[in-house]
Amino acid sequence: MTQPGIDRGDVSESSSGPLVLGIETSCDETGIGIVRGRVPGASGPRGRHTLLSNTIASSMDEHARFGGVVPEVAARAHLEALQPAIEHAVAEAGIRLSDVDAVAVTSGPGLAGALMVGVGAAKALAVSLGTPLYAVNHLVGHIAADVLDADAPPLEYPTVALLVSGGHTSLLLVRDLTRDVELLGETIDDAAGEAFDKVARLLGLPYPGGPEIDRAAAEGDPEAIRFPRGLSRASDMAKHRYDFSFSGLKTAVARWVEQQEAAGAAVPVADVAAGFREAVVDVLVTKALDACAQHGVPRLLLGGGVIANRRLREVALARAEAAGVTVRIPPLRLCTDNGAMIAALAAELIAEGRAPSTLEFGADSTLPVTQIQVAPRAVVEAR
């Protein structure tokens, strides 16, 4: 199968750089981003990517009554939100849809049904516009969000990246954003964001749990209750040095609350929230800085929606400074799932001269982080 626009060559370099439209539908947020890509070799503004629109339509409220994301509800919400979101993004960017030079989309990982909506829309849009299509990795997109920070210096390599969200907790070694990303470790059960949601429910707090735990913990004592730090014992180091586990922590909180209630004692919600949050933050930061030390990398990038947690940022910055590690955090509005980061990753691929993807790809809910781009033309044609 061939794609209109692909055979005529890659996106051409223009004096102002290519316009890339990114589509992100891996979970419960429909993200459409429009980025003006950098001109290779140029300096100043033309040597940087420029964010023109970051439109997000969230279906979070529809999932709140279930206490978590329902895949079928998320997929239907994407179907309803995609066209209005694209129209809003195009208007906000001050362009016409026909001005777009390339389309980018998240191929995975994520919820299969949700991904299928975005992948199908991106293929249809690319074919109808006659533009190249770039299928990319959601997790690497979170790293690419950093290149949209106009106030930050260029990202240096190698860097360690800690990505923390509702569905993913991953520790990565990034040697090159478009060519070499290695998975050091990931969650073996609940992701950090999932643990926040489940503990919030135990404490009678609303969904989503992250912001609610953060608010409650602000009034609590993080030292009042010490909860376990998963996969942090010496015996865990050989097999799970950089992996995460929050299921046991969630169970420990549940048992502590049950014991209090069985004894007829009031549950100190603020202290429980603070102790739980401290345990999560301690594990995340300790493992990330250990990865920096073991790989001789004095740089740590934080990404994903849970980075909005104030305590996580505070502890990471303080402990990293003591360890001689520089911390980079993309603008918080770009840490949650969004189409701008997908457009930015594609813009980087274009600037590096990478061929676009063919149409021979689909939604891959378990796409490995090492696969930065899916079905690039050169790889498929070489077989």
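The text that follows walks through the structure, step by step, so that each part is easy to find. Being a predicted model, the structure only gives us computed values, none of them experimental.

### Examining the environment of Ala254
Residue placement: Ala254 occurs in helix H8 (residues 247–262). You can call Ala254 buried: its relative accessible area is 15%. The spatial distance from the C-alpha of Ala254 to the C-alpha of Leu202 is 6.7 Å, given a sequence separation of 52 residues.

### Topic: helix H2 (residues 71–93)
Taking 1.5 Å per residue, 23 residues should reach 33 Å; H2 reaches 30 Å between its end C-alpha atoms and fits that length. Where H2 bends most, the angle comes to about 40°, and this point is Ala81, followed within four residues by the proline Pro84. Those residues of H2 lying buried are Ala74, Ala75, Ala77, His78, Ala81, Leu82, Ala85, Ile86, Ala89, Val90 and Ala93. The inward-facing, buried residues of H2 abut strand S1 (19–24), strand S2 (29–36), strand S3 (50–58), helix H1 (60–64) and helix H3 (112–129). Of the residues one or two after H2, Gly94 is the one with positive phi, at around 70°.

### Looking at unusual backbone geometry
In this model, Gly108 is joined to Pro109 through a cis peptide bond whose omega is -10°. Examined against the element boundaries, Pro109 turns out to sit in the loop between strand S4 (102–108) and H3. Cis geometry marks the peptide bond from Tyr207 to Pro208, where omega comes out at 0°. If you trace the backbone, Pro208 turns up in the loop between helix H5 (192–202) and helix H6 (209–217). Notably, Leu231 is not glycine yet its phi reads approximately 50°, a positive angle. Following the sequence through the fold, Leu231 ends up in the loop between H6 and helix H7 (237–240).

### Topic: H5
Among the residues of H5, those classed as buried are Ala192, Gly193, Ala195, Phe196, Asp197, Val199 and Ala200. Tucked inside the fold, the buried residues of H5 contact strand S6 (159–164), strand S7 (169–176), H6, H8 and helix H9 (269–295). Two residues or fewer past H5, Gly204 is found with a positive phi of approximately 75°.

### Remarks on the sheet that holds S6
Read from one edge of the open sheet, five strands run S8-S7-S6-S9-S10, paired in mixed fashion. Among the strands making up the open sheet, the edge pair consists of strand S8 (180–186) and strand S10 (326–328). In this sheet, adjacent strand axes meet at a mean angle of 25° when their direction is disregarded. Each of S6, S7, S8 and strand S9 (299–303) is contacted by H9, which is oriented at about 160° to S6, the strand it contacts most.

### Here's the deal with the nonpolar core
Counting 49 residues, the largest nonpolar core has Leu162, Leu171, Phe276 and Leu300 as its most contacted members. Those elements that provide at least two residues to this core are S6, S7, H5, H6, H8, H9, S9 and helix H10 (310–323). Tallying contributions element by element places H9 first for this core, with 14 residues. When residues no more than four places from it in sequence are discounted, the contact partners of Leu300 are Thr159, Val160, Leu162, Ala288, Leu289, Cys292, Val325, Thr326, Val327 and Arg328.

### Side note on the sheet that holds strand S5 (residues 133–137)
Strand order in the open sheet formed by six strands is S3-S2-S1-S4-S5-S11, and the pairing between neighbours is mixed. Every interior strand has two partners, whereas the edge strands, S3 and strand S11 (373–374), have only one. Here five bridges tie S4 to S5, and the two strands are oriented parallel to one another. Considered in S5, the bridge of Val103 is made with Leu133. Sheet contacts for H2: S1, S2 and S3; angle to S2, the most-contacted strand, approximately 25°. Seen against the sheet, H3 touches S1, S4 and S5 and runs at an angle of roughly 160° to S4.

### Concerning the pairing of S5
When you tally the buried positions in S5, you get five out of five residues, the bulk of the element. Along S5, one buried face is formed by Leu133, Ala135 and Asn137 and the opposite face, lined by Tyr134 and Val136, is buried too. Regarding topology, H3 serves as the crossover connection from S4 to the parallel S5, and that connection is right-handed. Here two bridges tie S5 to S11, and the two strands are oriented antiparallel to one another.

### A closer look at the pattern of salt bridges
On inspection of all chains with the given rule, the structure shows 18 salt bridges. Between Lys250 and Asp190 there is a salt bridge whose closest N-O contact spans 3.7 Å. Note that Lys250 is positioned in helix H8 and Asp190 in the loop between S8 and H5, a separation of 60 residues in sequence. Overall, the relative accessible area of 9% leaves Asp190 in the buried class. As a salt-bridge pair, Arg215 and Glu212 come within 2.7 Å of each other at their nearest N and O atoms. Taken together, the positions of Arg215 and Glu212, both in helix H6 and three residues apart, correspond to about one turn of that helix. Bridged by salt links that share partners, the residues Glu278, Arg310, Arg311 and Glu314 form one connected network.

### Considering the side chain of Asp236
Tracing the chain through its elements places Asp236 in the loop between H6 and H7. Residue classification places Asp236 among the buried residues on the basis of a relative accessible area of 9%. Setting aside residues no more than four positions away along its own chain, Asp236 makes contact with Leu231 and Arg241.

### Side note on the packing of H9 against H10
With their axes 10 Å apart at the nearest point, H9 and H10 run at an angle of 35° to one another. Where H9 crosses over H10, the handedness of that crossing is right-handed. Of the residues in H10, those in contact with Arg277, Glu278, Val281, Asp282, Leu284, Val285, Thr286 and Leu289 of H9 are Arg310, Arg311, Leu312, Val315, Ala316, Arg319 and Ala320.

What counts and how
Residues numbered from 1 in each chain as written. Predicted model: local features only at pLDDT ≥ 70, side-chain atom pairs only at ≥ 80, totals over all residues. Heavy atoms only, no water. Helix = DSSP H or I, 4+ residues; strand = E, 2+ residues; numbered from the N terminus. Buried < 20%, exposed > 50% of the residue type's maximum accessible area, 1.4 Å probe, protein only. Expected span 1.5 Å × (residues − 1). Bend = angle between axes of the 7 residues up to and from the residue. Contact = heavy atoms within 4.5 Å. Pairing = 2+ DSSP bridges. Axes fitted to C-alpha atoms, helices over the stretch in contact; angles between N-to-C directions. Core = buried A, V, L, I, M, F, W, Y, C linked by side-chain atoms within 4.5 Å. Right-handed = clockwise from strand over helix to strand, strands pointing away. Salt bridge = Lys/Arg side-chain N within 4 Å of Asp/Glu carboxyl O. Left-handed = near helix turned anticlockwise from the far one by under 90°.

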